[in-house]
Amino acid sequence: AVARRAEAFPAKASNWKEKAANAATATGMMGNETKIKTRMALVQSQMNIIKEKFGMQVYDVLEELFGVLGTEQIPEHSATDKDVNAVKAVFRQCKGDIEEILRTK
């Protein structure tokens, strides 16, 4: 962003009018950059909320599913078995983290 602002003024201002005009232009550019950064932060925050909501919904489904099936690894006879084992491993880790938090409450 700084480089782009520098590119906008290839020649140095030679008098106070040009300096004032350059300052106004640079201020406008910085304002636009700030607006874009703020918007990006807002979008990132919204994405994180969606991911958290998704994670909570998936956790409940997996807890119900693996409560019946268990979370021990299964022999890998197909590509999906490997994926199931990966999901089980992540779920076991997450469940262990949650149980640890509940123990320290």
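Fair warning: this is a prediction, and the values are worked out from it, not measured in the lab.

Glancing now at the layout of surface pockets. In this structure, the largest pocket occupies an estimated 180 Å³ of space. Lining the largest pocket are Gly55, Met56, Val58, Tyr59, Asp60, Leu62, Val87, Val90, Phe91, Cys94 and Ile98. Looking at the lining of the largest pocket, the elements with two or more residues in it are α2 (16-69) and α3 (79-104). Considered class by class, the residues forming the lining of the largest pocket number nine nonpolar, one polar and one charged.

Overall, the predicted model of the protein reaches an average pLDDT of 88, with 95% of residues at or above 70. At the level of individual helices and strands, the protein shows its lowest average pLDDT in helix α1 (residues 2-8), which scores 70, and its highest in α3, which scores 92.

With that settled, the discussion passes to the pattern of salt bridges. Any two side chains of opposite charge can pair, on the condition that their charged atoms come close. Per the stated rule, a full pass over the model turns up two salt bridges. Across the pair Lys95 and Glu63 runs a salt bridge whose closest N-O atoms are separated by 3.2 Å. Taken together, the positions of Lys95 in helix α3 and Glu63 in helix α2 put the pair 32 residues apart, joining distant regions of the chain. Residue classification places Glu63 among the partly exposed positions, given a relative accessible area of 34%. Of the charged contacts, one joins Glu100 and Arg103 as a salt bridge, the two residues approaching to 2.8 Å between their closest N and O atoms. Of this pair, Glu100 and Arg103 both sit in helix α3, three residues apart, which is roughly one turn of the helix. The class for Glu100 is partly exposed, based on a relative accessible area of 40%.

For the coordinates displayed, the defined rule picks out two aromatic pairs. An aromatic cluster is built from Tyr59, Phe66 and Phe91, whose rings are joined through pairwise contacts.

Quick notes on the rules
- Residues numbered from 1 in each chain as written.
- Predicted model: local features only at pLDDT ≥ 70, side-chain atom pairs only at ≥ 80, totals over all residues.
- Heavy atoms only, no water.
- 1 Å grid on protein atoms, 1.4 Å probe; cavity = no way out; pocket = protein on both sides within 12 Å on 5 of 7 lines; lining within 4 Å.
- Points joined across faces, edges and corners; volume = space filled by probe spheres on them.
- Helix = DSSP H or I, 4+ residues; strand = E, 2+ residues; numbered from the N terminus.
- Nonpolar A, V, L, I, M, F, W, Y, C, P; charged D, E, K, R; others polar.
- pLDDT = per-residue confidence, 0-100.
- Salt bridge = Lys/Arg side-chain N within 4 Å of Asp/Glu carboxyl O.
- Buried < 20%, exposed > 50% of the residue type's maximum accessible area, 1.4 Å probe, protein only.
- Phe/Tyr/Trp six-rings, centres within 6.5 Å; stacked < 30°, edge-to-face > 60°.

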